[in-house]
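Understanding the architecture of this molecule
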Amino acid sequence: MHFLRDKGFDHAHRCEITPRATYERRRELLKLLGCGVAGAAMASWAARDAHAQTARPGKLAALSGARSAVSGGATMEKPSAYVDATGYNNFYEFGTDKGDPAQNAHTLKTRPWTVAIEGEVKKPKVYDIDELLKLAPMEERIYRLRCVEGWSMVIPWVGYSLAELIRKVEPTGSAKYVEFVTLADPKTMPFVGSGVLDWPYAEGLRLDEAMHPLTLLAFGMYGEVLPNQNGAPVRAVVPWKYGFKSGKSIVKIRFTAKQPTTSWVKSAAQEYGFYSNVNPEVDHPRWSQATERRIGEDGIFAKKRPTLMFNGYGPQVASLYAGMDLKKNF
Ligand code: MTE
């Protein structure tokens, strides 16, 4: 936050600033060039693009998952290209520009790695990542990810419901919330220590949200282990909430009686709420949440697509918020 203010920005999320526009323009230009050269070239381009979206990229160790039977677990929308999902990221520990994580996150060491389960549980435990990987069968979940900044992607994650882990550690009767604490290592993460956020990056959910079968503990994407810039070796994915609720590179999961404060609420409580459910009717003070641009598909000249209530997962999750004023509890 302070870092951005120091640089003359008056907001935390660097949404509509040049990097995205530049990136989109480049892709748009490439597409237009393809068009101009020849129809055939364009067709082969499109074929290659479609292939890139489904084939295993072959860059990292394979990690496959069975097709998920969870309701809402596989959107029919086309997955985003791997190059977009791994090249256009928010991971502020590695820099605030969209291309920074891909460039800088090679320094992240993902082994050895442990995840400590603490707080209001009957069976606290420090899990080695390789034990956590085997805790439940892997599933493929194809989720829309909607960022509060007004863009979205469709990502085929590999992981299992966080509920599998929660059941194993047995929350006590006092556990009402779950806090996710992520790695903050100034030696390997160049932006930890900058004033951009209060480190470590921390997020939280209500226990029933954390137990919802759609809430994913993700270890992979596109049939391979997570690339560092996407939150290796383990991250949360909560598809009906804005992307920032999905903490990357988790080292601690803490069960609490009181609602935990989160990094974004600490940075600007008037802008970021604890719930942060995707809601086209509740705008962020500076950005409309009514529409979004799909990265890699909707060029800068395309009409934006409407954002769906709960990011389209209303049938599965709306009941969690029955009777709540979602304007107050944003
Ligand atoms: N987790 C950590 N540790 N640090 C971050 O800066 N950014 C969040 C979230 N998780 C972030 C994080 C935000 S703002 C978004 S939109 C998503 O990660 C982006 O995930 P992706 O880069 O895999 O699309």
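What you see is a predicted model, and the numbers here were worked out from it, not measured in a lab. Counting of residues starts from 1 at the beginning of each chain's written sequence and follows it residue by residue. Two thresholds apply to this predicted model, a pLDDT of at least 70 for residue-level local features and 80 or more for giving and counting side-chain atom pairs, whereas whole-chain, interface and lining totals are computed over all residues. Working from all heavy atoms in the structure, the side-chain values ignore hydrogens and water.

This paragraph deals with the overall build of the protein. Only DSSP runs of H or I with at least four residues qualify as helices, and only runs of E with at least two residues qualify as strands; both kinds are numbered from the N terminus onward. Across its full length, the protein holds 10 helices and 13 strands. Burial status across the protein gives 54% buried among its 330 residues. A contact between two residues is defined here by any heavy atoms of the two lying within 4.5 Å. Considering only contacts in the protein between residues 6 or more positions apart, those separated by 24 or more positions represent 73%. Of the roughly 14200 Å² that the protein leaves accessible, carbon and sulfur atoms contribute 57%. The rule is simple: take the accessible area with a 1.4 Å probe, protein chains only, and divide by the maximum for that residue type; under 20% is buried, over 50% is exposed, in between is partly exposed. All accessible-area figures derive from a Shrake-Rupley calculation using a 1.4 Å probe, and residue coverage is judged against the displayed protein chains alone.

The next subject is the site of the ligand. Near the ligand there are 16 residues, and of these Tyr-92, Glu-93, Arg-235, Ser-246 and Lys-248 occur at the shortest range. Polar contact is the term for a pair of N or O atoms within 3.5 Å; when the atoms are in protein, one must be able to donate a hydrogen and the other to accept it, and sequence-neighboring residues count only if both atoms are side-chain atoms. Between the ligand and Glu-93, the relevant distance is 2.8 Å, taken from a nitrogen atom to a side-chain nitrogen or oxygen of the residue. Arg-235 places a polar side-chain atom, nitrogen or oxygen, 2.7 Å from an oxygen atom of the ligand. For the ligand, the accessible surface in isolation is 540 Å², of which the surrounding protein chains cover 100%. Residue type decides the class: Asp, Glu, Lys and Arg count as charged, Ala, Val, Leu, Ile, Met, Phe, Trp, Tyr, Cys and Pro as nonpolar, and the leftover types, Gly among them, as polar. Tallied by class, residues from the shell around the ligand come to five nonpolar, eight polar and three charged. Proximity is defined per residue: if any heavy atom of the residue lies within 4 Å of a molecule or strand, that residue is considered near it.

Through backbone hydrogen bonds, the strands of a sheet pair up, either in parallel or in antiparallel fashion. Taken together, five strands build an open sheet; the order of strands is E3-E2-E11-E6-E7 and the sheet is mixed. Two strands lie at the open edges of the sheet, namely strand E3 (125-128) and strand E7 (202-206), each paired on one side alone. Looking at each pair of strands side by side, their axes are set apart by 15° on average, direction ignored. The angle between two axes is taken between their N-to-C directions and runs from 0 to 180 degrees, where each axis is a line fitted to C-alpha atoms and a helix contributes only its stretch in contact. Sheet strands in contact with helix H7 (residues 162-169) are strand E2 (114-119), E3, strand E6 (177-182) and strand E11 (250-256), and its direction is about 60° off that of E11. The pairing criterion for strands is at least two bridges between them, as found by DSSP.

Of note, Glu-271 is situated in the loop between helix H9 (263-267) and strand E12 (291-294). Beyond its immediate sequence surroundings of up to four residues, Glu-271 is in contact with His-284, Pro-285, Arg-286 and Phe-330. A distance of 3.2 Å separates a polar atom in the side chain of Glu-271 from a polar atom in the side chain of His-284. Within the local environment of Glu-271, its side chain forms a polar contact with the side chain of Arg-286, the two groups lying 2.4 Å apart.

Across a regular strand the side chains alternate sides, sitting on one face of the sheet and then on the other. With respect to burial, strand E5 (residues 151-161) is a largely interior element, 11 of its 11 residues being buried. Here strand E4 (residues 139-146) pairs with E5 via eight bridges, running antiparallel. Bridge pairing in E5 links Arg-146 to Ser-152. Hairpin remark: E4 followed by E5, antiparallel, with four residues in the connecting loop; positive phi at Gly-150, about 100°. With five bridges connecting them, E5 and strand E8 (residues 216-221) associate as antiparallel partners. The residue of E8 that forms the bridge with Trp-157 is Met-221.

Turning our eyes to something else, we now look at the nonpolar core. Ranked by internal contacts, the top residues of the largest apolar core, which has 80 residues, are Ile-117, Trp-157, Leu-165, Phe-219, Trp-240, Ile-253 and Phe-255. Per-element tally for this core: the top contributor is E5, with six residues. In contact with Ile-253, not counting residues within four places along its chain, are Val-115, Ala-116, Ile-117, Glu-118, Leu-162, Leu-165, Val-178, Glu-179 and Phe-180. Residue types Ala, Val, Leu, Ile, Met, Phe, Trp, Tyr and Cys, when buried and joined through side-chain atoms within 4.5 Å, form a set referred to as a nonpolar core.

As for its position among the elements, Trp-151 is in strand E5. It is 5.7 Å that separates the C-alpha atoms of Trp-151 and Arg-294, two residues lying 143 residues apart in sequence. Polar side-chain contacts of Trp-151 include one of 2.7 Å to the side chain of Glu-149.

This part takes up the pattern of salt bridges. Salt bridges are defined as contacts in which a side-chain nitrogen from Lys or Arg sits within 4 Å of a carboxyl oxygen from Asp or Glu. For the structure shown, the criterion picks out 21 salt bridges. For Glu-118, the salt bridge goes to Arg-254, with nearest N and O atoms at 3.5 Å. Of this pair, Glu-118 sits in strand E2 while Arg-254 sits in strand E11, placing them 136 residues apart in sequence. Given the relative accessible area of 28%, Glu-118 is considered partly exposed.

Taken together, the four bridges between E2 and E3 define a ladder with antiparallel strand orientation. Within the sheet, the bridge partner assigned to Ala-116 lies in E3 and is Val-126. Taking the residues between adjacent antiparallel strands as the criterion, E2 and E3 are bridged by five residues.

Further remarks concern H7. Considered for burial, the residues of H7 that qualify are Leu-162, Ala-163, Leu-165, Ile-166 and Val-169. Projected down its long axis, H7 shows its buried positions confined to an angular sector of 160°, all on one face. Looking at the residues trailing H7, positive phi occurs at Glu-170, about 55°. Each C-beta atom gives one direction from the helix axis, and the arc is the one those directions make.

Here we come to the confidence of the model for the protein. Predicted confidence across the protein gives a mean pLDDT of 89, with 84% of residues reaching 70 or more. The secondary structure element of the protein with the lowest average pLDDT is helix H1 (residues 2-6), at 36, and the one with the highest is E11, at 99. The predictor's confidence in any single residue is recorded as pLDDT, a number from 0 to 100. Here residues 14-18 is a poorly scored stretch, pLDDT under 50, and it has 13 contacts once near neighbours within four places are set aside; other chains count. A low-confidence stretch, residues 32-45 (pLDDT under 50), is modelled with four contacts involving residues beyond four sequence positions or located in other chains.

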